[in-house]
Amino acid sequence: MPTRLTPNTDVQFVPATSDGNGLYPPSITPPDQPLGFFDFLRQFIANPLRGLPRQVYEEDLTLYRPTKKLTVLWVSGPAIVEELLVGKANLLVKSPLEKQVFAATLGDGVLTSDGALWRWQRRVMAPLFRHNEILSYVPTMAQVAEEQVTEWRRAFAGSQAIDEQMMTSTFKVIMRTMLVGGDRSEGEAIMRGGSEYLARVSWEMAHALLHLPTWLPHPASRQMRRASQTVRSALSDIITRRRQSAVEGTDLLARLLNARDPDGGEPMTQDQLVNNLSTLLEAGHETTAKALTWTLYLLARAPEWQQSVRDEVNRIVGPTSIRAEHIDKLVLTTRVLKEAMRLYPPVPVVARQPKEAFELAGTPVPANAQIVVPIFAIHRHRKLWKDPDRFDPDRFLPDRETEMARTQFMPFGAGPRICIGQSFAMIEAVTLLATFVRGARFDWDGEHLPEPISRITLRPKGGMPLTVTPIL
Ligand code: HEM
């Protein structure tokens, strides 16, 4: 039976602080009881993760019905997550809330569409994400990472805005591997526009939760519209130039330009091309940037782990650039990344809506339910993890990892909508992290305790200043 919750308006949120031990990084202390609707909404705008009550971290299924119109089902037990996202995937669609939030920027590209349109778009893109194809990008990824290390050497030791630098690096990677032909200023406009859009996304979500008409503006409407226009018009220019120059190639844009609808044989329209390019650029860089940002924070708090990663990279790779054959051998580096994505999953929540009423683990789910899989809470679930808030990469030692249920650790989602870029992200993150840690030391000031804030991706409140000392 799901836990049924009675709204309670007295709950205070206390973002956890550090106890001085570097292995316990900031978390969110969940409220003992859920909030009444308006408090929920207020906290949701500040940080949707504050809306998750304690039960979500302890039970498998939690039902929250704060108003007659809103039913939220939080699914946090691995067996039920599997039943939902794998077994019953064909009974679900992407949440209309998510679609409304992304309509202006991603349209109905592969992330936000359903049914035949989704299947076609996913099939067109799948070949780009084959493991071997991605391994061929390792030299480009290593070069981008080395450029960042060179910048740190030029800047000498000091505090650096790690979150911004990780965004720049991962964006360079995606532009140089997937979208050959964009120029630098277009690239910067796309990156800035995407980030500004996501920073304000909770307004759009709250607007959708309240079922307000889409023509009614909210405080962030204008900035979000401007940000999405910036991104879409830069992408449209790149596509037009590419069509005019008739450049051949196998990058993402070439594949999208050559794709034909299996039923009608039609190519993608300009709008569909823009939808999918912006989807790949947005989904493909901010997520990996956040994985790296949080990993470096954790390593700065745990210098002994940082040194172990450095030792591994020096032993396996030495002073040369990282190559494809090194990736599988960097096992400790990979474990550290996984543990960082457990504590700070770059996509902290995924959501669905049923096509019609159905049953989940014997519980009736109404057709209008918002089904939420809170990855953040699953990764810190009290019954699944020992000492869940502690940073301990050894959880991912091979014999311990094989004991985990498939959806106990699910930073890339699960089922047919699992992240198409999973291999790309892991190979990129290992290459960049290994190059960074070999080339520089990262130190924490002992004070910065960023609250993890869900803005589709998991952002550190107050950014991520770390002291970087190049290793010459
Ligand atoms: C650490 C990095 C990443 C994380 C944690 C991540 C996480 C996720 C998650 C959780 C989903 C599923 C969303 C859902 O079920 O609603 C997803 C979907 C997706 N991701 Fe990623 N992602 C990452 C990197 C990437 C990269 C590098 C790319 C592309 C280059 C990418 C492209 C996509 C796309 C296109 C989808 C939609 C797939 C579909 O609906 O068929 N992601 N990602």
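These figures come from a predicted structure and were not determined experimentally.

**Q** Any chance you could explain the environment of Pro374 here in plain terms?
**A** Secondary-structure assignment places Pro374 in the loop between strand 11 (370–373) and helix 15 (375–378). It is 9.2 Å that separates the C-alpha atoms of Pro374 and Tyr57, two residues lying 317 residues apart in sequence. Those residues in contact with Pro374, other than ones at most four positions away along the chain, are Leu52, Val56, Trp74, Ser76 and Val349.

**Q** Could you clarify how one ought to interpret the UniProt feature "binding site: heme" (unreviewed entry) in the protein chain in this entry?
**A** Listed under "binding site: heme" (unreviewed entry) in the UniProt record, and renumbered for this structure, are Cys419. Among the structural elements, Cys419 can be located in the loop between helix 16 (398–401) and helix 17 (422–439).

**Q** Just checking my understanding: could you explain helix 3 (residues 96–106) for this structure?
**A** Residues spaced three or four apart along an α-helix point in a common direction, a consequence of the helix completing one turn every 3.6 residues. The set of residues buried in helix 3 consists of Glu98, Val101, Phe102, Thr105 and Leu106. One side of helix 3 carries all its buried residues, which in axial view fall inside an arc of 100°. Looking one or two residues beyond helix 3, the residue adopting positive phi is Gly107, at roughly 55°.

**Q** How should the sheet that holds strand 12 (residues 440–443) be read in this particular structure?
**A** Strand pairs in the sheet, formed through backbone hydrogen bonds, run parallel or antiparallel to each other. Strand order across the open sheet formed by three strands is 7-15-12, with antiparallel pairing between neighbours. The sheet is open, and its two borders are formed by strand 7 (158–161) and strand 12, each paired with just one other strand. With strand direction ignored, the average angle separating the axes of adjacent strands in the sheet is 45°. Bridge count between strand 7 and strand 15 (residues 465–470): four bridges; the pairing is antiparallel. Bridge pairing links Gly158 to Val468 in strand 15.

**Q** Help me understand the site of the ligand, please; the structure alone is not making it clear to me.
**A** In the vicinity of the ligand, 22 residues are found, and the nearest of them are Gly284, Thr287, Gly413, Cys419 and Gly421. Elements with a minimum of two residues in the shell around the ligand: helix 12 (270–301) and helix 17. Considering each element in turn, the shell around the ligand owes the most residues, seven residues, to helix 12. When its residues are assigned to classes, the shell around the ligand shows 14 nonpolar, six polar and two charged.

**Q** Before we go on, may I ask you to explain helix 2 (residues 78–87) in this structure?
**A** Listed in full, the buried residues belonging to helix 2 are Pro78, Ile80, Val81, Leu84 and Leu85. Relative to the axis of helix 2, the buried residues are bounded by an arc of 160° and lie together on one face.

**Q** What is the right way to read unusual backbone geometry from this model?
**A** As a rule of thumb, non-glycine residues mostly have phi less than zero, and peptide bonds are mostly trans rather than cis. Even without being glycine, Asp387 reaches a positive phi, approximately 50°. Relative to the assigned elements, Asp387 resides in the loop between helix 15 and helix 16. For Asp387, a count of 10 C-beta atoms within 10 Å translates into the label exposed.

The rules behind the values
- Residues numbered from 1 in each chain as written.
- Predicted model: local features only at pLDDT ≥ 70, side-chain atom pairs only at ≥ 80, totals over all residues.
- Helix = DSSP H or I, 4+ residues; strand = E, 2+ residues; numbered from the N terminus.
- Contact = placed C-beta atoms within 7 Å.
- UniProt positions renumbered as here; feature names shortened; annotations may be inferred.
- Buried ≥ 20, exposed ≤ 12 C-beta atoms within 10 Å, placed from the backbone.
- Arc of directions from axis to C-beta.
- Pairing = 2+ DSSP bridges.
- Axes fitted to C-alpha atoms, helices over the stretch in contact; angles between N-to-C directions.
- Near = placed C-beta within 6 Å.
- Nonpolar A, V, L, I, M, F, W, Y, C, P; charged D, E, K, R; others polar.

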